[in-house]
Amino acid sequence: MEYIHHLQAIPVPDETNIYQVEKNGQYQYLKICLVSDVTSQLGIIMDVTDDITKKQLMRYEHDHDYLTGLPIYQYFEKTVEHLLSDSSEKGYSAGIMMDLDKFKTINDTYGHDFGDTYLRHMAKKMLELPSEHCFPSRRSGDEFCLFLHGYSSREELLSQVHAFWQSVKDSPVRLPDQTFRELVVSGGLAWADEHTNMAKLMYCADVALYTAKKQFPGTLQIFDPDAAAGFGQNIP
């Protein structure tokens, strides 16, 4: 009984009476139901590994983009909103909106199948970022998002971003004609603070992205509040 009580101390999130056990390097899921009275304790233990695995797969497919494997934007919104409101979340945070420059030219020249390869290449670079600090997403088409959090300083966060930009630049894609082409990414970054919500953060990042694409293609621009005045909308 001591072992069962130990398992029950760490339930599987979002499940009722389900607990995870590691056996021979693999995870198994058990449903444990106990009934107690003054003198005795009865229970049922069932192996529900198949059911939980299928449910987890369905949840993953619901929250992730089928082409790139990145979280979809709706899941990104929910996760970032939670992180922004989490009082235990410490350090500096920022949101980034990104766009692949001249992606339409790639699609028109080499076809949509290669366009998909181009998008997956970008997603692969994003998934190489440290997951404890970076939450990526594909918004739509050739638009991507990134939320960075838990950095000790703005300088540390920017160092991570610049290293990512360089990594993308240093990883060209092989074209169908066997030549290579750099991924050229324009981006906008907005800093988060204690008053920031998800809508405001990504709107400001989008304003900075607009500046990058129109004036400085292939660069990362940091949101300037003065620039928002000419963007045609009020900040949420």
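Above this note sits the structure.
Visitor: How would you sum up the overall build of the protein? Please name residues and give values.
Guide: Scanning the protein from N- to C-terminus turns up 8 helices and 10 strands. Computed over C-alpha atoms, the radius of gyration of the protein comes to 23 Å, more than 25% over the 18 Å expected from 2.2 N^0.38 for 236 residues, which places it beyond the range of a compact globule. Principal-axis analysis of the C-alpha atoms gives the protein an extent of 75 × 45 × 30 Å. Put simply, the protein has 236 residues, and 39% of those count as buried. Taking the 21 positively charged and 34 negatively charged side chains of the protein as two groups, their mean positions are separated by 5 Å.

Visitor: So what's going on with the packing of helix α4 (residues 103-110) against helix α5 (residues 112-127)? Which residues, and what values?
Guide: Close contact between α4 and α5 brings their axes to 7 Å; oriented N to C, the two are set at 140°. Between α4 and α5, the angle falls in the class oblique. Residues F103, I106, N107 and Y110 of α4 touch α5, and the partners they reach there are H112, F114, G115, Y118 and L119. Among the residues making up the contact of α4 with α5, the classes are represented as 6 nonpolar, 3 polar and no charged.

Visitor: Which residues make up the sheet that holds strand β6 (residues 143-151), and what are the values?
Guide: Pairing within the open sheet is mixed, and its 5 strands lie in the order β5-β6-β4-β9-β10. With partners counted over all chains shown, the strands left at the sheet margins are β5 (134-140) and β10 (220-222), one partner each. Strand-to-strand twist in this sheet, taken as the mean axis angle between neighbours without regard to direction, amounts to 20°. Here 6 bridges tie β5 to β6, and the two strands are oriented antiparallel to one another. Bridge assignment links S140 to a residue of β6, and that residue is E143.

Visitor: So, the packing of aromatic side chains: which residues are in play, and what are the values?
Guide: Within the structure shown, the criterion is met by 7 aromatic pairs. Between the aromatic rings of Y75 and F135, the centroid separation amounts to 5.8 Å while the plane-to-plane angle is 80°, which identifies the pairing as edge-to-face. On the criterion of sequence distance, the pair formed by Y75 in helix α3 (residues 73-85) and F135 in strand β5 is long-range, its members being 60 residues apart. Overall, the relative accessible area of 17% leaves F135 in the buried class. A centroid spacing of 6.0 Å and a plane angle of 25° characterise the contact between F76 and F135, whose relative ring orientation is stacked.

Visitor: Explain unusual backbone geometry residue by residue, including any values.
Guide: Working note: non-glycine residues mostly have negative phi, and peptide bonds are mostly trans. Despite not being glycine, N17 shows a phi value in the positive range, around 60°. With respect to the secondary-structure elements, N17 resides in the loop between α1 (2-8) and β1 (18-23). Given the relative accessible area of 31%, N17 is considered partly exposed. Positive phi is not limited to glycine here, since K102 has a value of about 60°. Looking at where K102 falls in the secondary structure, it is placed in the loop between β4 (92-100) and α4. Here K102 falls in the exposed class, since its relative accessible area comes to 60%.

What counts and how
- Residues numbered from 1 in each chain as written.
- Predicted model: local features only at pLDDT ≥ 70, side-chain atom pairs only at ≥ 80, totals over all residues.
- Heavy atoms only, no water.
- Helix = DSSP H or I, 4+ residues; strand = E, 2+ residues; numbered from the N terminus.
- Rg over C-alpha atoms; globule rule 2.2 N^0.38 Å.
- Buried < 20%, exposed > 50% of the residue type's maximum accessible area, 1.4 Å probe, protein only.
- Lys, Arg positive; Asp, Glu negative; His and termini not counted.
- Charge placed at Lys NZ, Arg CZ, Asp CG, Glu CD.
- Axes fitted to C-alpha atoms, helices over the stretch in contact; angles between N-to-C directions.
- Parallel < 35°, antiparallel > 145°, perpendicular 65-115°, else oblique.
- Contact = heavy atoms within 4.5 Å.
- Nonpolar A, V, L, I, M, F, W, Y, C, P; charged D, E, K, R; others polar.
- Pairing = 2+ DSSP bridges.
- Phe/Tyr/Trp six-rings, centres within 6.5 Å; stacked < 30°, edge-to-face > 60°.

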